[in-house]
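Coordinate analysis (summary)
Chain by chain, the residues:
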Amino acid sequence: MLKKILWFLCLPFFVATAAAQGLTGAWSGKLSVQGMQLTLVLHVSKDAAGKDVCTIDSPDQSVRGMLAEVNLITDDSLSISVPMIGAAYAGKLEGGVLKGVFRQVGYAFPLNLERGEAPIYRPQEPSPPYPYETKEVTFTNPAAGATLSGTLCYPQATGGKRKVPVVLMVSGSGQQNRDEEIFDHKPFLVIADCLAQMGIASLRYDDRGTGKSTGDASRSTMFDNAADALAGLQYLRSQSDFGPVGILGHSEGGCIAFILAAQGKADFIVSLAGSGVKGDSLLAEQLRAALEGQGPQAEMDAYYKAMKAVYAYKASHPQVDNPDEVVNNILQQTQTKLNVGQKSSMIDFLKSDNPWLQSFISTDMADYVRQTRCPVMAVNGEKDVQVAAKPNLDAFRRLLPANKLNLIREYAGLNHLFQHCTTGKPTEYRQIDETISFEVVQDIIDWIKSLPAPKK
C-alpha cells in the first residue's frame with residue numbers, strides 16, 4: 001500500500017562512486033538483482049573544498065541523494081562504500097564505460113555504468129499554460145501548527161463562478177508533494193488536469209512539512225494526516241464557488257477518505273487503492289506478495305506465517321519490552337524455524353517506534369467503511385501487490401451500507417498506481433511511461449458528474 005511499508009519489504013540495493021576529473025557528472029546503469037532490473041545513478045562532483053563527493057539515486061525505489069564514502073580514486077578507477085547498507089562498488093573506466101562489481105551482504109553483482117542519465121518519458125504530464133484557471137492557496141490545521149499549501153484548479157468554463165463539484169486530493173503514505181510525485185510520476189497533476197478540463201475542480205496540497213507546507217510530520221499518525229485533510233475540506237466548504245465537496249484519496253489517502261466520510265465530512269469519496277481491512281492484515285498480504293519467487297516456497301511460507309503473527313502482536317502492543325522472548329514464543333507457537341537474519345527482522349519490527357506505522361497496523365478500516373453513508377467509488381488494480389484488490393474490494397462490498405450510487409470496481413492489468421503493467425511490482429513503476437490509466441480517470445469523471453446535488 002504504502003511507501004513507508006515498502007521499505008520493510010524490499011531489500012535496498014544502491015551503488016556509489018567518487019570524483020576524478022574524468023568521472024565528474026552523472027553515471028547510470030542497471031543492476032540485476034533477484035530477477036529485477038534496478039536503475040542506479042551516480043552523481044559525481046567536488047564540494048567547495050575540492051573534496052570528491054558522490055551521491056546515489058535508486059529511482060526505481062524512489063531513493064535520491066544517498067551519500068557514499070570514497071575509498072580510492074584515480075583518473076580511471078574508483079572504489080567506494082555505503083556502510084549504512086553494507087554495500088561497496090569498485091570499477092574501472094574502459095572505453096567510456098565504468099566496468100565494475102557491486103557487492104552487498106556477501107553477494108557480488110556485475111555493474112557497468114555509462115555517462116549520463118537515461119531520459120524518462122511521461123506523455124500524460126501536462127505543462128502550462130493550462131486551459132483552465134489555477135490558484136495557489138493555503139489552509140491551516142491550527143491544532144498541529146501546520147499551514148498546508150496547495151493548488152486549486154477551476155474548470156475554465158465556470159470562470160470560478162458557477163458552483164461545480166470539487167475534490168480534495170489526499171496522497172498515499174510518506175510525505176509527498178501536491179502532485180503525489182513518486183517514481184518520477186505526478187499522478188495528482190495528471191488527474192487534476194483531466195478533471196478541470198471536464199468541469200470538476202480540485203485542490204491538491206503538499207503534505208505537512210513538505211514542499212511549501214509547514215508543520216512537523218516526524219511523529220504524525222494516520223489520524224494526524226486525516227486532520228490535515230479535514231482542514232482542506234473545511235477550506236473548500238468556506239469558498240462560494242463549489243457545490244458538492246468530496247475526497248479523492250490514493251492508498252493511505254483512500255483510508256483517510258473513509259475515516260472522514262464516516263464522520264459525515266464529505267459529500268462523496270473516491271478511494272484509489274484504499275483499504276477495507278485491518279492494517280496488520282494488509283501488511284501481511286503485502287509481505288506475502290513481495291516474497292513470491294524470492295526463495296524456496298516452504299521457506300518463504302514459514303517466514304510469512306511468522307511475520308503475520310508478529311504484525312498482529314505489534315498491532316496490539318505498541319511498546320514491546322521483550323522482543324526476543326516474543327519472537328521465540330511466536331516461532332514456538334507457529335512451529336516455525338527461521339534463519340538468524342529473518343529472526344532479526346522480526347525483532348527489529350517489534351522494537352520499532354514509528355507512530356504512523358503503529359496507527360496504521362492497529363486500525364481496522366472496516367470500522368469506518370461500515371459507517372460511510374455518502375456515495376463511494378472504490379477501485380483497485382488487479383495486479384496491485386501493495387493493496388490487494390480482492391480482499392479489500394470484497395470488504396467494501398460486504399461492509400458499505402447499501403447505496404445505488406456506489407461504484408466498486410477492479411481493473412484488469414493495473415498496478416497500485418493504476419498503470420498498465422506486467423508484474424505489478426513497485427520496481428516497475430518508474431519504468432512504465434504511463435502515469436495512470438485514462439480509463440480509470442474517465443470513470444472517475446463520469447461517476448462524479450453522475451452524482452446528484454447533495455441535500456441541504
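These notes cover the structure that comes with them. (Residues numbered from 1 in each chain as written. Predicted model: local features only at pLDDT ≥ 70, side-chain atom pairs only at ≥ 80, totals over all residues. Heavy atoms only, no water.)

Take the overall build of the protein chain next. A tally of regular secondary structure across the protein chain gives twelve helices and 17 strands. The C-alpha radius of gyration of the protein chain comes to 23 Å, within 12% of the 23 Å expected for a compact globule of 456 residues. Viewed in the frame of its principal axes, the protein chain has a C-alpha envelope of about 70 × 60 × 40 Å. Relative to its full complement of 456 residues, the protein chain shows a buried share of 55%. When contacts within the protein chain are restricted to residue pairs at least 6 apart in sequence, long-range pairs at least 24 apart make up 66% of them. Accessible surface for the protein chain amounts to roughly 19600 Å². Of this, 52% is attributable to carbon and sulfur atoms. Of the side-chain charges in the protein chain, 44 are positive and 48 negative, and the distance between the mean point of each set is 5 Å. (Helix = DSSP H or I, 4+ residues; strand = E, 2+ residues; numbered from the N terminus. Rg over C-alpha atoms; globule rule 2.2 N^0.38 Å. Buried < 20%, exposed > 50% of the residue type's maximum accessible area, 1.4 Å probe, protein only. Contact = heavy atoms within 4.5 Å. Areas by Shrake-Rupley, 256 points an atom, 1.4 Å probe, with all protein chains shown as cover. Lys, Arg positive; Asp, Glu negative; His and termini not counted. Charge placed at Lys NZ, Arg CZ, Asp CG, Glu CD.)

Helical periodicity: at 3.6 residues per turn, an α-helix aligns residues three or four positions apart in one direction. Over its 17 residues, helix H3 (residues 222-238) runs 25 Å from end to end, which matches the ideal 24 Å to within 8%, given 1.5 Å per residue. For H3, every residue scored as buried is listed here: Met222, Asn225, Ala226, Asp228, Ala229, Leu230, Ala231, Gly232, Leu233, Tyr235 and Leu236. (Expected span 1.5 Å × (residues − 1).)

The next subject is the pattern of salt bridges. Applying the stated criterion across every chain yields a total of 21 salt bridges. Between Glu136 and Lys212 there is a salt bridge whose closest N-O contact spans 3.9 Å. With Glu136 in strand E10 (residues 133-141) and Lys212 in the loop between strand E13 (201-205) and H3, this pair connects stretches of sequence that are 76 residues apart. You can call Glu136 partly exposed: its relative accessible area is 48%. (Salt bridge = Lys/Arg side-chain N within 4 Å of Asp/Glu carboxyl O.)

Summed over all chains, the structure comprises zero disulfides. Of all cysteine sulfurs in the structure, the one in Cys255 sits closest to Cys374, which takes part in no disulfide; the separation is 15 Å. Exposure remark for Cys374: the relative accessible area of 11% places this residue in the buried category. (Disulfide = S-S within 2.5 Å.)

All right, on to the side chain of Ser220 then. Checked against the element boundaries, Ser220 lands in the loop between E13 and H3. Side chain to side chain, Ser220 and Arg208 meet in a polar contact 3.4 Å long. Excluding residues within four positions of it along the chain, Ser220 makes contact with Arg208, Asn225, Pro355 and Trp356. (Polar contact = N/O pair within 3.5 Å; in protein donor to acceptor, adjacent residues only side chain to side chain.)

Ranked by internal contacts, the top residues of the largest apolar core, which has 73 residues, are Leu236, Ile269 and Met346. When near neighbours in sequence (up to four residues on either side) are disregarded, Met346 contacts Tyr303, Ala306, Met307, Val310, Val327, Ile330, Leu331 and Leu338. With 31 residues, the next largest nonpolar core counts Cys153, Leu195, Ala273 and Val441 among its residues. (Core = buried A, V, L, I, M, F, W, Y, C linked by side-chain atoms within 4.5 Å.)

With that settled, the discussion passes to the sheet that holds strand E8 (residues 97-104). Taking strand neighbours across the sheet as the criterion, the nine strands line up as E4-E3-E2-E1-E9-E8-E7-E6-E5 in an open arrangement whose pairing is antiparallel. Across the chains shown, the open sheet's two edge strands, defined by having one partner strand only, are strand E4 (63-67) and strand E5 (69-73). Each neighbouring strand pair of the sheet contributes to a mean axis angle of 25 degrees, computed without reference to strand direction. The sheet contact formed by strand E3 (residues 52-58) and E4 spans three bridges and is antiparallel. (Pairing = 2+ DSSP bridges. Axes fitted to C-alpha atoms, helices over the stretch in contact; angles between N-to-C directions.)

This part is about the packing of H3 against helix H4 (residues 252-262). For the pair H3 and H4, the least separation of the axes is 10 Å and the interaxial angle reads 70 degrees. The pairing of H3 with H4 is recorded here as roughly perpendicular in orientation. The chirality of how H3 crosses H4 is right-handed. Contact residues: Met222, Phe223, Asn225, Ala226, Ala229, Leu230 and Leu233 in H3; Glu252, Cys255, Ile256, Ile259 and Leu260 in H4. Classifying every residue of the contact of H3 with H4 by side-chain character gives ten nonpolar, one polar and one charged. (Parallel < 35°, antiparallel > 145°, perpendicular 65-115°, else oblique. Left-handed = near helix turned anticlockwise from the far one by under 90°. Nonpolar A, V, L, I, M, F, W, Y, C, P; charged D, E, K, R; others polar.)

Another point: the packing of aromatic side chains. Remark: the centre distance and the inter-plane angle together describe each pair of aromatic rings, the angle taken between the planes. For the structure shown, the criterion picks out eleven aromatic pairs. The interplanar angle of 45 degrees and the centroid separation of 6.3 Å between the aromatic rings of Phe223 and Tyr368 together place this pair among those described as tilted. Of this pair, Phe223 sits in helix H3 while Tyr368 sits in helix H10 (residues 366-369), and the two are 145 residues apart along the sequence. Relative to Trp447, the ring of Phe268 lies with its centre 6.1 Å away and its plane at 70 degrees, an arrangement referred to as edge-to-face. With a gap of 179 residues between them, Phe268 in strand E15 (residues 268-272) and Trp447 in helix H12 (residues 438-450) connect regions that are remote in the sequence. With relative accessibility at 1%, the residue Phe268 sits in the buried group. By the ring-pair criterion, three or more aromatic residues cluster together here, those being Phe139, Tyr205 and Tyr235. (Phe/Tyr/Trp six-rings, centres within 6.5 Å; stacked < 30°, edge-to-face > 60°.)

Burial analysis of helix H2 (residues 187-197) places ten of its eleven residues in the buried class, which makes it a mostly covered element. If you check which residues of H2 are buried, you get Pro187, Phe188, Leu189, Val190, Ile191, Ala192, Asp193, Cys194, Leu195 and Ala196. In this structure, the buried residues of H2 make contact with strand E11 (146-154), strand E12 (164-170), E13, strand E14 (242-250), E15 and H12.

Here the focus is the packing of helix H7 (residues 323-333) against helix H8 (residues 340-351). Relative orientation of the contacting elements H7 and H8 amounts to 125 degrees, with a least axis distance of 9 Å. As judged from the angle between their axes, H7 and H8 are oblique. Taken as a pair, H7 and H8 cross one another with a handedness that is right-handed. Of H8, the residues touching H7 (which contributes Pro323, Asp324, Val326, Val327, Asn328, Ile330 and Leu331) are Lys343, Met346, Ile347, Leu350 and Lys351. Among the residues forming the contact of H7 with H8, the class breakdown is eight nonpolar, one polar and three charged.

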